[in-house]
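Structural characterization, general
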Amino acid sequence: MDADVSREGVELRQLRCLVAIVDEGSFTDAAIALGVSQAAVSRTLASLERALGVRLLRRTSRQVAPTATGLRVLTQARRVLAEVDDLVRTATSGHSSLRIGYAWSALGRHTSAFQRRWSQAHPETDLHLVRVNSATAGLAEGACDLAVLRRPLEDRRFDCAIIGLERRLCALAADDPLAGRRSVRLADLGGRTFLIDRRTGTTTTDLWPPDSRPATEETHDVDDWLTVISSGRCAGMTAESTAHQYPRPGVVYRPVRDAEPVAVRLTWWRDDPHPATQPAIELLTALYRKD
């Protein structure tokens, strides 16, 4: 038989049969474990050997043992079956778990309240918050079912709902001359270099008038961002949630009075929304509405 045709003929039930025979030690016990007849086990193994064109087991009156080739096939069969089991769990876990991705700061001061209220209202769906520093906070990568984003996505594969607004804050070194103020304006920040994350951050130089835009440096990690700001070398601009999520000695956060607030969006796959999407939107919107 042609090798390509043989590979197409291999079925999961054949691999399960091979594993069962080896694990149980006999065709009789494998039949019991699989819930089929001993004749069906013999036929299934024979069809697998024909499909592969090799002998997989040595059978004597006393035992069944894999051949050298059978051992290699058995190892691969176990791996394939385990991966299929993982695939099934992944495909069906959406009904029993909800993974919400975020890039930097989750839901700020609402994070704990959301987790507590979700577990009370939806005990059948486990909630997991996942930090993924990508443009979609892990949604495009398959790391989460919903994503909290603070910048719009132009990718039409995704849909979103605005669940709330957050103030825009400036992050400064504690010894910065502006650190003693209760709030600042964009014009007060001229002459500073701002540390930004172009992939996931909410800050661009478009916040400033064209004739007074600051210099920028780039980072991709919130811990690095905080470390550099605490040194006084750069300043930062961020959503209010960052201040709640990442208080840091040596860094102060001050509201920027004349900067637009940051819209917080819950985002999902347009053609495959998680069953818990609407309840999550409703609960988060209610939390932000109390601000």
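1. What to know about empty space enclosed by the protein
Taken as a whole and judged by the stated rule, the model has two cavities of 30 Å³ or more. Here the largest cavity defines a volume of roughly 260 Å³. Taken together, 23 residues make up the lining of the largest cavity; nearest its centre are Trp-104, Thr-200, Gly-201, Thr-202 and Thr-238. Mapped by element, the contributors of at least two residues to the lining of the largest cavity are strand E5 (146–149), strand E8 (193–196) and strand E10 (236–239). Looking at the lining of the largest cavity, the element that brings in the most residues is E10, giving three residues. Within the lining of the largest cavity, the residues separate by chemical class into twelve nonpolar, eight polar and three charged.

2. Concerning the sheet that holds strand E7 (residues 168–173)
If you trace the three strands from one edge of the open sheet to the other, you get E10-E7-E11, paired in antiparallel fashion. Of all strands in the sheet, those with a lone pairing partner are E10 and strand E11 (251–255), marking the two edges. Across the sheet, the axes of successive neighbouring strands diverge by a mean angle of 35 degrees, strand direction being ignored. Of the pairings in the sheet, the one linking E7 to E10 comprises four bridges and is antiparallel in character. When the sheet's bridge partners are listed, Ala-171 is paired in E10 with Gly-236.

3. Quick word on the layout of surface pockets
In this structure, the second largest pocket encloses a volume near 190 Å³. Forming the boundary of the second largest pocket are Arg-150, Arg-151, Pro-152, Arg-168, Gly-201, Thr-202, Thr-204, Leu-207, Pro-261, Val-262, Ala-263 and Arg-265. Of the residues forming the lining of the second largest pocket, the biggest block, three residues, is contributed by strand E12 (residues 262–269). The class makeup of the residues in the lining of the second largest pocket is five nonpolar, three polar and four charged.

4. Structural notes on the pairing of E12
Across the eight residues of E12, seven count as buried, placing the element largely inside the fold. Looking at chain direction, E5 and E12 are connected through three bridges and run antiparallel. Within the sheet, the bridge partner assigned to Leu-149 lies in E12 and is Arg-265.

5. Here we look at the nonpolar core
If you look at the biggest cluster of nonpolar residues, it comprises 23 residues, and the most contacted ones within it are Leu-98, Phe-114, Trp-118, Ile-163 and Leu-266. For this core, the elements supplying multiple residues, two or more each, are strand E3 (97–102), helix H6 (111–121), E5, strand E6 (158–166), E12 and helix H9 (277–289). The element that contributes the greatest number of residues to this core is H9, accounting for six residues. Non-local contacts of Phe-114, meaning those with residues more than four positions away in its chain, are made with Ile-100, Leu-107, Leu-127, Ala-280, Leu-283, Leu-284 and Leu-287. With 19 residues, the next largest nonpolar core counts Ala-31, Leu-56, Leu-74 and Ala-77 among its residues.

About the criteria used
- Residues numbered from 1 in each chain as written.
- Predicted model: local features only at pLDDT ≥ 70, side-chain atom pairs only at ≥ 80, totals over all residues.
- Heavy atoms only, no water.
- 1 Å grid on protein atoms, 1.4 Å probe; cavity = no way out; pocket = protein on both sides within 12 Å on 5 of 7 lines; lining within 4 Å.
- Points joined across faces, edges and corners; volume = space filled by probe spheres on them.
- Helix = DSSP H or I, 4+ residues; strand = E, 2+ residues; numbered from the N terminus.
- Nonpolar A, V, L, I, M, F, W, Y, C, P; charged D, E, K, R; others polar.
- Pairing = 2+ DSSP bridges.
- Axes fitted to C-alpha atoms, helices over the stretch in contact; angles between N-to-C directions.
- Buried < 20%, exposed > 50% of the residue type's maximum accessible area, 1.4 Å probe, protein only.
- Core = buried A, V, L, I, M, F, W, Y, C linked by side-chain atoms within 4.5 Å.
- Contact = heavy atoms within 4.5 Å.

Don't take any of this as a statement about function, it's just geometry.
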